[in-house]
Amino acid sequence: MHILQQILFVLALGGAGFMISKRIGIIKSTILLGRAEDRSDNPSERLATMIRIAFGQKKMFDRPIVGILHFVVYAGFILINVEVLEIVLDGILGTHRLFAPLLGDFYGTLINFFEFLAVGVLVVCVIFLIRRNIVKVERLQPTRHRELNGFPVIDANTILLAEIILMTALLTMNAADSVLQDMGNEHYHKVGDFAFSGFLKPLFSSWSEGALVAYERITWWLHILGILAFALYVTYSKHLHIFLAFPNTYFSNLKPKGEIPNMPDVTKEVQIMLGTAQPDANASTEIARFGAKDVKDLTWKNLMDAYSCTECGRCTSACPANMTGKQLSPRKIMMDTRDRLEIVGANMAANGGNFVDDGKSLYGDHISAEELRACTTCNACVQECPINISPLDIILQLRRYQIMEESDAPASWNAMFSNLENNQAPWKFSPTDRFNWVEGVK
């Protein structure tokens, strides 16, 4: 029987590993579709940013109560999964609590610590479910934010319920295990009662030994298979930020938030026009595209931002355009970009790794001109994001395409652009007449 369980476990572990690695490959290939961008400078500052923002959850604590609750789930996820190492080894080797003889009395202390975290995670997940579905926090409601309709709401509730089930399985598994220890079952070594599951032992006191073994094995399998399923599921979910938050914050934009990068080709043309630079005889005269129309025109960091988005809505709740009823939602910009990436990834997977033009694009089919024009470029969304995502960068690149290639701008904007091109100023005056006002002063 043990051999059969070992074989089934190895098959489940291998199957999950294969599907997860395949999914990671698709995500990596779609991120690498983006334009090259060098984010390798200042490694020490980048590491400090990652430790402060991703590990330390600094921005989460801008809202202290939510920050503390999120930290409990975050710490629980990181530390409880240390126990998974023992479960995996037990499954492969056919053992039970492999580390107990090696760690002695410290083993019980370690399990008690894990149970403390498990109860914390369980309680916080219940609180989060209440906030979403009973208290109805405004920024998390699909009735107010159209981007949350459908899967996003199901996704958030599914993960919270899954966490509750997994933590409940862990605690009741330990309780059944403790009762079997008291019965002297040879497979369940005596390691003592545990902090929280010890209170659950009376629930199993009247159970037969066979029923207890069956329950303990079922919950053991539920726990490990649940973790493997969770690991695969998060690659399709907003909870991918659990893993991507770390590289995403490491590759943060270290420049001041108010600094908007110019397009090098356009900058060169302006410099030539002003006489501060000379044309390069060997340079290509063709510019591939002004701004971005589809995800391939964005940078790889923009695409990593999209996969890293937590859908928390802090960006949208701080957006002045959204507050006044405009179409723009920075969260939707990130979600739309990720949705388009998923379509592109499926396209590539179906065509041997090559993208076949499907006649659609990020601009127009996912993000509208009205959304882009509503942006005030205030950087509120960038400031609020807990993992340093920049919806504004994507908006600016799409808006450059919208205006410079599609010529889709209000008449007042076009007049200003024409004046800038012809007069090097927003006003309709020749540069030679610029100081005529001085005559009136005399």
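Everything quoted here is computed from the prediction, not taken from an experiment.

A. Layout of unusual backbone geometry. At Asn 42, a position not held by glycine, the phi torsion is positive, near 45 degrees. Inspection of the secondary structure puts Asn 42 in the loop between helix H1 (2-31) and helix H2 (43-55). Phi at Arg 97 is positive, roughly 50 degrees, even though this residue is not glycine. Mapping Arg 97 onto the fold places it in the loop between helix H4 (82-93) and helix H5 (100-103).

B. Structural detail: the nonpolar core. Counting 41 residues, the largest nonpolar core has Tyr 307, Leu 328, Ile 333, Met 334 and Leu 398 as its most contacted members. For this core, the secondary structure elements donating two or more residues are H1, helix H9 (241-250), helix H11 (300-308), helix H14 (330-350), helix H15 (362-365), helix H16 (369-374), helix H17 (380-384) and helix H18 (391-404). A total of six residues in this core trace back to one element, the largest contributor, which is H18. Ignoring anything within four residues of it in the chain, the contact list for Leu 328 reads Cys 319, Ala 321, Asn 322, Ile 333, Glu 371, Ala 374, Cys 375 and Ile 395. Core analysis: the second largest hydrophobic core is formed by 25 residues, Phe 128, Leu 129, Ile 164 and Leu 171 among them.

C. Main features of H9. Burial within H9 is extensive, with seven of its ten residues counted as buried. Restricting attention to buried positions, one finds in H9 the residues His 241, Ile 242, Leu 244, Ala 245, Phe 246, Asn 248 and Thr 249. Looking at the buried positions of H9, the neighbouring elements they touch are H2, helix H3 (64-80), helix H8 (209-233) and H11.

D. Main features of the pattern of salt bridges. Tallied over the entire structure, the rule returns 18 salt bridges. For Glu 37, the salt bridge goes to Arg 39, with nearest N and O atoms at 3.1 Å. Exposure remark for Glu 37: the relative accessible area of 27% places this residue in the partly exposed category. Between Asp 177 and Arg 97 there is a salt bridge whose closest N-O contact spans 3.2 Å.

E. Structural context of the layout of surface pockets. Of the voids in this model, the largest pocket is the one considered here, and its volume is about 1,300 Å³. Contributing to the lining of the largest pocket are 46 residues, with Glu 37, Arg 39, Asn 253, Pro 261 and Asp 393 lying nearest its centre. Residue assignment for the lining of the largest pocket shows that the elements contributing at least two residues are H2, helix H10 (264-274), H11, H17 and H18. Broken down by element, the residue count for the lining of the largest pocket peaks at five residues, all from H18. Each residue belonging to the lining of the largest pocket can be placed in one class, and the counts come to 13 nonpolar, 13 polar and 20 charged. Space inside the second largest pocket adds up to approximately 1,000 Å³. Forming the walls of the second largest pocket are 22 residues, and the residues nearest its centre are Val 266, Arg 400, Met 404, Phe 417 and Leu 420.

F. Molecular detail of a nonpolar patch on the surface. Where nonpolar side chains cluster on the molecular surface, the patch consists of Ile 3, Leu 4, Ile 7, Leu 8 and Leu 11 and spans about 500 Å² of accessible area. Along the chain, Leu 11 falls in helix H1. Taking the relative accessible area as the measure of exposure, Leu 11 reaches 59% and is therefore exposed.

Calculation rules
- Residues numbered from 1 in each chain as written.
- Predicted model: local features only at pLDDT ≥ 70, side-chain atom pairs only at ≥ 80, totals over all residues.
- Heavy atoms only, no water.
- Helix = DSSP H or I, 4+ residues; strand = E, 2+ residues; numbered from the N terminus.
- Core = buried A, V, L, I, M, F, W, Y, C linked by side-chain atoms within 4.5 Å.
- Buried < 20%, exposed > 50% of the residue type's maximum accessible area, 1.4 Å probe, protein only.
- Contact = heavy atoms within 4.5 Å.
- Salt bridge = Lys/Arg side-chain N within 4 Å of Asp/Glu carboxyl O.
- 1 Å grid on protein atoms, 1.4 Å probe; cavity = no way out; pocket = protein on both sides within 12 Å on 5 of 7 lines; lining within 4 Å.
- Points joined across faces, edges and corners; volume = space filled by probe spheres on them.
- Nonpolar A, V, L, I, M, F, W, Y, C, P; charged D, E, K, R; others polar.
- Patch = residues over 30% accessible without salt bridge, like charges linked within 9 Å, V, L, I, M, F, W, Y side chains within 5 Å.
- Areas by Shrake-Rupley, 256 points an atom, 1.4 Å probe, with all protein chains shown as cover.

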